[in-house]
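One letter stands for each residue in the lines below.
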Amino acid sequence: MADYVIMTDSCCDMTSALAEELELSVLPLSLHMGDAVYRNWLDGREIGFQEFYAKIRSGQLATTSAVSVGEFAAEMRKILSAGKDILCINFSSALSATYQSAAIAAADLAEEFPDRKILVVDSLCASLGQGLLVYLCAQERRKGRSLEEVHTFAEETKGKVCHWFTVDDLNHLKRGGRISAATALFGTMLSIKPVMHVDDGGHLVPVSKARGRKSSLLALVDQMEATAIDPASQTVFISHGDCEGDALFVAGEITRRFGTRDIRLNYVGPVIGNHSGPGTLALFFLGTKR
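Reading the values: rules and limits
- Residues numbered from 1 in each chain as written.
- Predicted model: local features only at pLDDT ≥ 70, side-chain atom pairs only at ≥ 80, totals over all residues.
- Heavy atoms only, no water.
- Phe/Tyr/Trp six-rings, centres within 6.5 Å; stacked < 30°, edge-to-face > 60°.
- Helix = DSSP H or I, 4+ residues; strand = E, 2+ residues; numbered from the N terminus.
- Buried < 20%, exposed > 50% of the residue type's maximum accessible area, 1.4 Å probe, protein only.
- Lys NZ or Arg CZ within 6 Å of the ring centre and 35° of its normal.
- 1 Å grid on protein atoms, 1.4 Å probe; cavity = no way out; pocket = protein on both sides within 12 Å on 5 of 7 lines; lining within 4 Å.
- Points joined across faces, edges and corners; volume = space filled by probe spheres on them.
- Nonpolar A, V, L, I, M, F, W, Y, C, P; charged D, E, K, R; others polar.
- Lys, Arg positive; Asp, Glu negative; His and termini not counted.
- Salt bridge = Lys/Arg side-chain N within 4 Å of Asp/Glu carboxyl O.
- Polar contact = N/O pair within 3.5 Å; in protein donor to acceptor, adjacent residues only side chain to side chain.
- Pairing = 2+ DSSP bridges.
- Axes fitted to C-alpha atoms, helices over the stretch in contact; angles between N-to-C directions.
- Core = buried A, V, L, I, M, F, W, Y, C linked by side-chain atoms within 4.5 Å.
- Contact = heavy atoms within 4.5 Å.
- Parallel < 35°, antiparallel > 145°, perpendicular 65-115°, else oblique.
- Left-handed = near helix turned anticlockwise from the far one by under 90°.

S.K.: Describe the packing of aromatic side chains, naming the residues involved and giving the relevant values.
M.R.: According to the stated counting rule, one finds three aromatic pairs in the structure shown. Note on F49 and Y267: the rings are 5.0 Å apart at their centroids and 10° apart in plane angle, and the pair reads as stacked. On the criterion of sequence distance, the pair formed by F49 in helix α2 (residues 49–57) and Y267 in strand β12 (residues 262–267) is long-range, its members being 218 residues apart. Exposure class is identical for F49 and Y267. Each is buried. A cation over an aromatic ring shows up here: R45 above the ring of W41, its NZ or CZ 4.1 Å from the ring centre. Over the ring of Y4 we find R141, and its NZ or CZ is 5.0 Å from the ring centre.

S.K.: Give me the layout of surface pockets: which residues, what numbers.
M.R.: Here the second largest pocket defines a volume of roughly 150 Å³. The wall of the second largest pocket is formed by D3, Y4, V5, I6, E21, L22, E23, L24, K84, A138, R141 and R142. Looking at side-chain class alone, the lining of the second largest pocket contains six nonpolar, no polar and six charged residues.

S.K.: An account of the side chain of R290 is requested, with residue identities and associated values reported.
M.R.: With respect to the element layout, R290 can be found in the segment after β13 (281–286). The buried charged residue R290 lacks any salt bridge, with D200 as its nearest oppositely charged partner at 4.8 Å. Within the structure, R290 has its side chain in polar contact with the backbone oxygen of L124 (distance 2.7 Å).

S.K.: So what's going on with the pattern of salt bridges? Residues and values would help.
M.R.: On inspection of all chains with the given rule, the structure shows 20 salt bridges. E75 serves as the salt-bridge partner of K78, at 3.8 Å between the closest nitrogen and oxygen. Of this pair, K78 and E75 both sit in helix α3 (residues 69–81), three residues apart, which is roughly one turn of the helix. Judged by its relative accessible area of 24%, E75 is partly exposed. Notably, a salt bridge pairs E148 with K117, separated by 2.5 Å at the nearest N-O pair. Separated by 31 residues along the polypeptide, E148 in helix α6 (residues 147–157) and K117 in the loop between α4 (98–110) and β7 (118–122) bring together distant segments of the chain. With a relative accessible area of 41%, K117 lands in the partly exposed category.

S.K.: Could you give an account of the sheet that holds strand β6 (residues 85–90), naming the residues involved and the relevant values?
M.R.: Across the sheet, which stays open at both edges, the four strands sit in the order β2-β1-β6-β7 with parallel pairing between neighbours. With one partner strand each, in any of the chains shown, β2 (25–27) and β7 form the two edges of the open sheet. Strand after strand, the sheet turns through a mean of 20° between neighbouring axes, direction not considered. In terms of strand pairing, β6 meets β7 through five bridges, oriented parallel.

S.K.: Lay out the nonpolar core with the relevant residues and their values.
M.R.: If you look at soluble globular proteins, the nonpolar side chains tend to sit buried side by side. Ranked by size, the top nonpolar core spans 35 residues in total, and within it M7, F72, M76, I86, C88 and I118 carry the most contacts. At the level of elements, β1 (4–9), β3 (30–33), α2, α3, β6, α4, β7 and α11 (270–276) are the ones that each hand at least two residues to this core. Counting residues per element, this core draws most heavily on α3, at five residues. The residues touching C88, leaving out its near neighbours within four places in the chain, are M7, F72, M76, A102, L119, V120 and V121. Counting residues in each nonpolar core, the second largest holds 32 residues, with V26, A138, A282 and F284 among its members.

S.K.: Could you give me a rundown of the packing of α3 against α4, with the residues and numbers involved?
M.R.: Contact geometry for α3 and α4: axes closest at 8 Å, N-to-C directions at 50°. It follows that α3 is oblique to α4 by the angle criterion. Considering only the axes of α3 and α4, their crossing is right-handed. Across the interface between the two elements, V69, F72, A73, M76, R77 and L80 from α3 touch T98, S101, A102, I104, A105, A106, D108 and L109 from α4.

S.K.: Go over empty space enclosed by the protein with me, naming the residues and quoting the values.
M.R.: For the structure on display, the rule yields one cavity of 30 Å³ or more. Quantified by volume, the largest cavity comes out at close to 40 Å³. If you trace the largest cavity, you find it lined by S10, D13, M14, N40, W41, L42, F49, N266, Y267 and G269.

Geometric values such as these leave the question of function open.
Below, the structure is given as structure tokens:
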């Protein structure tokens, strides 16, 4: 059986330690802020997470860009030249051109490396939802599953990765065109917090509204209670926009309700955090449906 590498991009929002433990190849998306361009490395080497959120809170604006075809091709070529195949699992195509870049790079390299395989997966996931899918695939690889078997597993599992999140500041969603200016204004005045998820097509979709921050956090756990598959034995991921206290509150509620022991927390990285803003809280688990 040929050896293979699992590749992903930095919108998986994993810790760099976990990505290293799982032996992943992770390519960074980029953040453009003022005259500076920062690559979104998982270890925050070019812009730290707290530094990024401090800049956003101060009113600085940024734009983001996908991993390019050339960047994917360069990294893929190194792996293929070493005699290894690739399973590449990327940020939702509904939210970024990163998956498309990976697919083009894979097609371009097929002729150059006819004896090697590159299988590319559109995760239809975001943040630690993508991270959870990659994590689960890495566990399958550790069990000795082949490239094709783990590819099949990824395609069969991605629709079960549930993403539930809320934001604290509606103005970031307004800037991204997710809600109207009027909704942002009145929602802010009335302390209305949206409860949103990522749907089957990988899009961000508002589902309900909660009055106040605590109610919105509890609503995420309510959604887990409604659809989670065997929540006590799952690995659950929580990402946050520089609001670790809220993430710990949600983790504690999950443990209290379901007895879940393996709960992992990390920041929402700068690329996604630029659109969702400080105070974002997102919960990811496997469910019967998204």
